[in-house]
Amino acid sequence: VQLQASGGGLVQAGGFLRLSCAASGRTFSSYVMGWFRQAPGKEREFVAAIGWSGGNTYYADSVKGRFTISRDNAKNTVYLQMNSLKPEDTAVYYCAADRAIRTVVAGSSGSWGQGTHVTVSS
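Residues numbered from 1 in each chain as written. Predicted model: local features only at pLDDT ≥ 70, side-chain atom pairs only at ≥ 80, totals over all residues. Heavy atoms only, no water.

## Some points on the overall build of the chain
Then, number 1: Broken down by element type, the chain carries one helix and eleven strands.
Then, number 2: Mapped in sequence order, the helices and strands of the chain form the string β-β-β-β-β-β-β-β-β-α-β-β.
Then, number 3: Since a compact globule built from 122 residues should have a radius of gyration of about 14 Å, the 13 Å found for the chain is in line with a globular shape.
Then, number 4: Summarising its shape, the C-alpha atoms of the chain cover approximately 40 × 25 × 25 Å along the three principal directions.
Then, number 5: Sorting the 122 residues of the chain into buried and exposed places 45% on the buried side.
Then, number 6: Averaging the positions of the 12 positive and the 7 negative side-chain charges in the chain gives two centres separated by 7 Å. (Helix = DSSP H or I, 4+ residues; strand = E, 2+ residues; numbered from the N terminus. Rg over C-alpha atoms; globule rule 2.2 N^0.38 Å. Buried < 20%, exposed > 50% of the residue type's maximum accessible area, 1.4 Å probe, protein only. Lys, Arg positive; Asp, Glu negative; His and termini not counted. Charge placed at Lys NZ, Arg CZ, Asp CG, Glu CD.)

## Here we look at the pairing of strand 11 (residues 116-121)
Then, number 1: Taking every second residue as pointing to the same face, the buried face of strand 11 carries Thr-116, Val-118 and Val-120, while none of His-117, Thr-119 and Ser-121 on the other face is buried.
Then, number 2: In this sheet, strand 11 lies alongside strand 2 (residues 9-12) in parallel orientation, the contact comprising four bridges. Looking at the pairing, Gly-9 lines up with Val-118 of strand 11. (Pairing = 2+ DSSP bridges.)

Structure below.
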C-alpha cells in the first residue's frame, strides 16, 4: 500500500491540527494504521495506531488525551486529530501501515508515507 500524509503546518501552542494519510489500493481496511513522528535530532517515535475497523486504538503516553486517531475505510484515509499542541510536538509526522498491530507499534511497518511537518510555536 502506498501512503501520502498531509495536513502539517505551523500552529501556536494550544492550537490544533488534523493530519490525513491517504492510502492507495483496495485493501486499506485490512491494514493496521499508525502515526509516528521524528523531531530534529531525535529518533522516530510511535504516536498512535488504529486497528482494521477502527475499534481499537493505541496511543503513546505523551499524546493521550490530546490526540485522536481515526480512519475512514470508505475513503482509504487515516486521520490524526491533534489538540492542545505543545512545542514538544514539533516534528515530522509519518503514517505507517502493516497487517499486524505489533509490527506497526514497533515501527517495523512495511509501508510508510513521506512525512508532513508540524511546527508548534510557543
